[in-house]
Amino acid sequence: MMIILILFLALGFIGAPLYVWTAAIAGLFYYLDVTQTYWITFGVIVAIFNLPPLRTIFFSTFVAWTFKKLQLMPKISQTESIALKAGDVWIEKELFSGKPNFKRILDQKYPELTVEEQSYIDGPVERLCAMINDFEIWRTRKIPDEVFNFMKKEKIFGMIIPKEYGGLGFSALAHSEVILKLSSRSMPITVTAMVPNSLGPAELLVHYGTDEQKKKLLPRLATGEEIPCFALTEPGAGSDAGSIQASGHVFKDSSGQVMLRLNWNKRWITLAAQSTILGLAFRLYDPENLLGKGKDPGITCALIPSHTPGITADRRHDPMYIPFVNSPTQGHDVIVPLDVIIGGPDRVGEGWSMLMDCLGAGRGISLPAQAAGVVKYATRVSSAHSVVRKQFGMSIGQFEGVSEKLGKMGGYSYLVEAARLYTVGALDSNTKPPIVTAIMKHYSTEIGRTAINYAMDVVAGAAVVVGPRNLLAHAYIATPVSITVEGANILTRTLMIFGQGALRAHPYAFAEMDSLERGDMRGFDRAFTGHMGHIIRNMLRWLLLSLSRGWLTISPRMGVTALYYRKLAWASATYAFLVDFFMISLGAKLKAKGKITGRMADIIGWMYLATATLRRFEAEGRKKEDEPFLRWAMDQSFYEIQVALDGLFASVEIPLIGFIFTGPIRWLHALNPIGRPTSDALELKISQLIQTPGAQRDRITGRIFIPKNKDEYFRKLEDAFQLNYTCLGTEKKVKSAVRSGKLKKKPMKELLADALSSGVITKQEFDDLARIEEIRNDVIQVDSFSQEEYVKRT
């Protein structure tokens, strides 16, 4: 019997097809020598379940009726349906499957810049960063004309516009690299560059505009002759953008020409007050059906000259005191011709699908790039500061409390960069995965928030006093903006990632729902039968992989990564099992269970980040020196997954079966966790690596802007950091002499003089140490202002 049990477990584990199960059960009956009654019953069941027409009539139709009667399927609105169908399903499908195909995961394109793109980043982008005085921009609350004109001249606003229309025609990677570098220099400049290259007029025109619209507007947008904005958000339509109230009514004017009358009240529109062309999302009404698309065609997008009578955008919002242009805009009876509709009259009512398609890609570029830039910049600044700044006679980076933060920041730098590159690789392969880009938007910006908080802790007082010397305050102040825009993180996590992913990336759920909506019983039968096999397989895979800690699966790689591939297979099986459990037990109620959907989003989100980290390690040649960063990123990912699982198992409140999760399953995962907190030793190792100058530190914190101007504080900090490293040996000699009693402990200036006079150090060593002390004293200073200067600043 043990052999039979193992056989059936194996069949379930590998997901054997129905006919194999049929043969196995028949073999069992033969072995047990069951009576004829059992054989007849078995034959009837086999006939029903193995013959699709019979199965549809006698089983699937009843299941479909039950689903409808008990409302087990969530009701999907038209806007939700469009969002679900937008974009592509990518690697997330492997993670949802319970049995990820690691070959497919590792075969995904890893992006590289072209020579032209690299030259642009090393040239115009580098020069732009050098021109920027971020403190002055914040002080004057204005981007200088010189800087803005340079951005226009170098087509910063035309990165996504094809070359045939005068743009740069950059890849998603190049676009991302530009934003990353700018974000390490100035947030107002970054936002100003981001908006024209994300969801807005250029993006919509490239994909949906008529030839005439493209030829007329794209060249002018590429050179900054036209400054665009896009008005979507309203007082009553924020994250729920589908509920917009802006309206456009089709009518005939006195000459008989068909026109549009637009009315809107939008807010939080970046560049609105500065724009020359305003993109607008509105609900179109055609009472007389003049366009032949019905009386309520739906959400539509248009591009309107900002000077059109009836438009106002002369007020400013003040988002966290960040000096970029952000404004409300209103339109009152704005009369425009039909050719302002993006794609022309044939595209009326297609606005929501346009927005969902473009957002599905855009979320994976700008905000993750900004977050990666902030994380790497914060890591570089705080690690240099930790070496240069001394307390109690030693660099503060040697204190374990500080090194803990530095180690985590170094690990996050490796992780978020891996995820950024993996994602833009998909986008550059013409894949637009909205679930993955939602994951990237949420988790990269949250990691950015964590990293800048750690950096503020490390740099402490010098990060609090605002002024030209403060390298962190502006990034810290700006953090809530990235958390909020393009779908607030709370709703992205609790509604979009899992809510959309559970249907779209699930192998069967969307097909079940779609066929049920259309009344296609054969389609429902195929999907539901496959779903049952999927549930059985993943339930057994979850159980067996949990008990074996993933050792029953085969890792595609040996060495340091083998353990992590097995854990990823284990996590995927656990996740797939939980997805089906919650969908079946909660049905339509799951949509409102934000704590469950949020934790489920955490699991898939951190699985994706772990997947991207493994891909980076492989793509970069499995560098031995990067193993500490790899191990930290993977350990942190699985720990976050464990935290989410603990939360789920501790709080499941489902009648009759909830106790199974809060009892046996919870204890199984507590005694045999998939992840544990990252180790102190690993974080100490990473902390030491990023506090050591050299190629590895430059690579882990690379692609950011480091000024060459010796008068800039960041440059001074870097120089002091480098010089401090060269003087470590001399410092050790002086300290050793103090400990041995050869020198008496004194203030550093006097101690160095004694060390020179007693022959402990040479004249050159004395000069080097004196210089580093002078530079150290300079870079640890903070800004102060006269009363008059202070009043002017406020």
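Each remark here, short or long, concerns the structure printed above.
A. Highlighting the packing of helix 17 (residues 400-428) against helix 25 (residues 594-619). Relative orientation of the contacting elements helix 17 and helix 25 amounts to 90°, with a least axis distance of 8 Å. By the angle between their directions, the pair helix 17 and helix 25 is classed as roughly perpendicular. Contact with helix 17, carried on its side by Tyr412, Ser413, Tyr414, Leu415, Glu417, Ala418, Ala419, Tyr422 and Thr423, involves Trp606, Tyr608, Leu609, Thr611, Ala612, Thr613, Arg615, Arg616 and Phe617 of helix 25 and no other residues of that element. Looking at side-chain class alone, the contact of helix 17 with helix 25 contains eleven nonpolar, four polar and three charged residues.

B. Molecular detail of the pattern of salt bridges. Considering all chains together, one arrives at 44 salt bridges under this definition. Glu94 is the partner of Arg104 in a salt bridge, and the nearest nitrogen-oxygen pair spans 3.2 Å. Here Arg104 is found in helix 7 (residues 102-106), whereas its partner Glu94 is found in helix 6 (residues 92-97), with ten residues between them in sequence. Between Arg622 and Glu618 there is a salt bridge, and its shortest N-O distance comes to 2.6 Å. Here Arg622 falls in the partly exposed class, since its relative accessible area comes to 28%. It is possible to trace a salt-bridge network through shared partners that takes in Glu177, Lys376, Glu417, Arg420 and Arg703.

C. Quick look at helix 13 (residues 201-208). Within helix 13, six of the eight residues are buried, which leaves the element mostly enclosed by the surrounding structure. Inspection of helix 13 places Pro201, Ala202, Glu203, Leu204, Leu205 and Tyr208 among the buried residues, and these make up the whole buried set. Elements that come into contact with the buried residues of helix 13 comprise helix 14 (211-222), strand 1 (228-231), strand 4 (277-285), strand 5 (298-305) and helix 15 (351-362).

D. Broad picture of a nonpolar patch on the surface. On the surface, Leu51, Leu54, Ile57 and Phe58 cluster together into a nonpolar patch covering about 400 Å² of accessible area. Among the structural elements, Leu51 can be located in the loop between helix 3 (36-50) and helix 4 (52-70). By relative accessible area, which is 43% here, Leu51 ends up partly exposed.

E. Representation of the packing of aromatic side chains in the model. Counted according to the given criterion, the structure contains 20 aromatic pairs. Judged by centre distance (5.1 Å) and plane angle (70°), the rings of Phe96 and Tyr575 are edge-to-face. Of this pair, Phe96 sits in helix 6 while Tyr575 sits in helix 24 (residues 562-586), and the two are 479 residues apart along the sequence. Look at Tyr575 and you get buried, because its relative accessible area is 0%. Ring geometry for Phe392 and Phe399: centres 6.2 Å apart, planes at 75°, overall edge-to-face. For Phe392, a relative accessible area of 77% gives the class exposed. A cation over a ring is seen here: Arg261 above Phe251, with NZ or CZ 4.2 Å from the ring centre. The residue whose ring lies beneath Arg566 is Trp551, and the NZ or CZ to ring-centre distance is 3.6 Å.

F. Summary view of the side chain of Ser198. The topology assignment puts Ser198 in the loop between helix 12 (187-194) and helix 13. In this view, Ser198 contacts Ile160, Glu203, Ser366 and Glu486; residues no more than four positions away in its chain are not counted.

G. Spatial organisation of the nonpolar core. Judged by nonpolar contacts, the single largest core of 188 residues is most densely connected at Leu472, Leu578, Phe582, Met600 and Ile603. A total of 15 residues in this core trace back to one element, the largest contributor, which is helix 24. With residues up to four places along the chain from it excluded, the contact list for Leu578 reads Met600, Ile603, Leu645, Leu648, Phe649 and Phe661.

H. Region of interest: the pairing of strand 4. With seven of its nine residues buried, strand 4 lies for the most part within the structure. By the bridge criterion, four bridges tie strand 1 to strand 4 in an arrangement that is parallel. Looking at the pairing, Phe230 lines up with Gly279 of strand 4.

Calculation rules
Residues numbered from 1 in each chain as written. Predicted model: local features only at pLDDT ≥ 70, side-chain atom pairs only at ≥ 80, totals over all residues. Heavy atoms only, no water. Axes fitted to C-alpha atoms, helices over the stretch in contact; angles between N-to-C directions. Helix = DSSP H or I, 4+ residues; strand = E, 2+ residues; numbered from the N terminus. Parallel < 35°, antiparallel > 145°, perpendicular 65-115°, else oblique. Contact = heavy atoms within 4.5 Å. Nonpolar A, V, L, I, M, F, W, Y, C, P; charged D, E, K, R; others polar. Salt bridge = Lys/Arg side-chain N within 4 Å of Asp/Glu carboxyl O. Buried < 20%, exposed > 50% of the residue type's maximum accessible area, 1.4 Å probe, protein only. Patch = residues over 30% accessible without salt bridge, like charges linked within 9 Å, V, L, I, M, F, W, Y side chains within 5 Å. Areas by Shrake-Rupley, 256 points an atom, 1.4 Å probe, with all protein chains shown as cover. Phe/Tyr/Trp six-rings, centres within 6.5 Å; stacked < 30°, edge-to-face > 60°. Lys NZ or Arg CZ within 6 Å of the ring centre and 35° of its normal. Core = buried A, V, L, I, M, F, W, Y, C linked by side-chain atoms within 4.5 Å. Pairing = 2+ DSSP bridges.

These figures capture arrangement, not role.
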